[in-house]
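# Notes for the structure review
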Amino acid sequence: MRQNNGYLHPKGMRLPIFIFIIFALLIGTRAWACTCSSIPGFDYFVYNAALIVVELEVLEKLPEPVVATSVPSELNSPAPPKPPMPPRYHEDFRIKPLRLFKGDIENVNLLRTLNRNSSCYWAPEPGDRFLLYVERIVTDDEASYLIISDACQRHLSPAYEYYQSETAALQQLQAAANGPFVIEDPAVGNRPLLKGRFRKGKPVGRWSVYDLYDPSNSEPLVQFRMRSERMSKMRWTKKKLLSASQHYVVSWRYRNLGL
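Here is a short report on the structure shown in this document. (Residues numbered from 1 in each chain as written. Predicted model: local features only at pLDDT ≥ 70, side-chain atom pairs only at ≥ 80, totals over all residues. Heavy atoms only, no water.)

## Considering unusual backbone geometry
Excluding glycine, most residues fall at negative phi; most peptide bonds, likewise, are trans. Positive phi outside glycine occurs at lysine 200, with the angle close to 55°. Looking at lysine 200, the relative accessible area reads 73%, which means it is exposed. We note that glutamate 229 has phi near 60°; this positive angle belongs to a residue other than glycine. Here glutamate 229 shows up in the loop between strand E11 (222-227) and strand E12 (230-236). (Buried < 20%, exposed > 50% of the residue type's maximum accessible area, 1.4 Å probe, protein only. Helix = DSSP H or I, 4+ residues; strand = E, 2+ residues; numbered from the N terminus.)

Spelled out as structure tokens, the structure:
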């Protein structure tokens, strides 16, 4: 006789596991909320990964294709119905670039938002103005679109607390020509977030990124060399990090490896 000690034999677990799997399939992806996180200030690694950084205004949402319907070819002889339009997983918008901080958007005046109907979908409204970090551009029907892949892609509205300081940092990078370069914490003066050097408008030499969450700023989170506008010789700090700092170090390592 087997003792009842709370242990469930694997056969006894089959039904609960089966029910759980069916329930998970029924609720689908909509049950999972989209959670995003971004550093509350200028992030050089996001800037470095972006093809384009631009402040833009949304002018209008472009109309979607009309669903096809059947058209009679002769009296009392209807033509077979045309197949319906496939579902669209994006929306398109006409935009107006206001300020360009990185890259080239000549002849690009369209925006496409992907993953429509997903839990992490975000699309602007006509009249919205925001700063957008673009990592992808696609060309469709001879028109080029800036891509917003999901709600977590960095985009900042003017209502954001650090919007002005971020655009100021971008202007500094855009205007840098020769000599040392420093971006300071907008909340605490004389506290560096980024240090580097430019020569003839190009980043060169050793660059340092500091911890936004560590008031002591005792040492950089990471140092690297800039050569031909590429990072090399990454050296990560060995100091104990706060949980928020650790989260972004993992994110930055991910971006640097290009995975």
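## Let's talk about the pairing of strand E4 (residues 129-134)
A regular strand places its side chains on the two faces of the sheet in alternate fashion. The buried count for E4 comes to 5 of 6 residues, which makes it a mostly enclosed element. Note: E4 against strand E7 (residues 155-156), 2 bridges, orientation antiparallel. Within E7, the position partnered with leucine 131 by the bridge is leucine 156. (Pairing = 2+ DSSP bridges.)

## Looking at the environment of asparagine 48
Mapped onto the elements of the fold, asparagine 48 is located in helix H2 (residues 44-49). Since its relative accessible area comes to 32%, asparagine 48 is described here as partly exposed. Linking asparagine 48 and glutamate 229, residues 181 residues apart in sequence, is a C-alpha distance of 9.4 Å. The contact partners of asparagine 48, leaving out residues within four places of it in the chain, are Lys102 and Met231. (Contact = heavy atoms within 4.5 Å.)

## Some remarks on a positive patch on the surface
Together, Arg206, Arg225, Arg227, Lys233, Arg235 and Lys238 make up a positively charged patch on the protein surface. Elements supplying a minimum of two residues to the positive patch: E11 and E12. Looking at the element boundaries, arginine 225 is found in strand E11. Looking at arginine 225, the relative accessible area reads 36%, which means it is partly exposed. (Patch = residues over 30% accessible without salt bridge, like charges linked within 9 Å, V, L, I, M, F, W, Y side chains within 5 Å. Areas by Shrake-Rupley, 256 points an atom, 1.4 Å probe, with all protein chains shown as cover. Salt bridge = Lys/Arg side-chain N within 4 Å of Asp/Glu carboxyl O. Lys, Arg positive; Asp, Glu negative; His and termini not counted. Charge placed at Lys NZ, Arg CZ, Asp CG, Glu CD.)

## Side note on the packing of aromatic side chains
Counting across every chain of the model gives 14 aromatic pairs. For the ring pair phenylalanine 45 and tryptophan 236, a centre distance of 6.4 Å and an interplane angle of 20° mean the geometry is stacked. Of this pair, phenylalanine 45 sits in helix H2 while tryptophan 236 sits in strand E12, placing them 191 residues apart in sequence. Accessibility expressed as a relative area gives 18% for tryptophan 236, which makes it buried. Clustering of aromatic rings is evident, with ring pairs tying together Phe42, Tyr44, Phe45, Tyr47, Phe181, Phe198, Trp207, Phe224, Trp236 and Trp252. If you follow lysine 102 out to its NZ or CZ, it ends over the ring of tyrosine 47, 4.7 Å from the centre. The ring of tyrosine 145 has arginine 112 lying over it, and the distance from NZ or CZ to the ring centre is 4.0 Å. (Phe/Tyr/Trp six-rings, centres within 6.5 Å; stacked < 30°, edge-to-face > 60°. Lys NZ or Arg CZ within 6 Å of the ring centre and 35° of its normal.)

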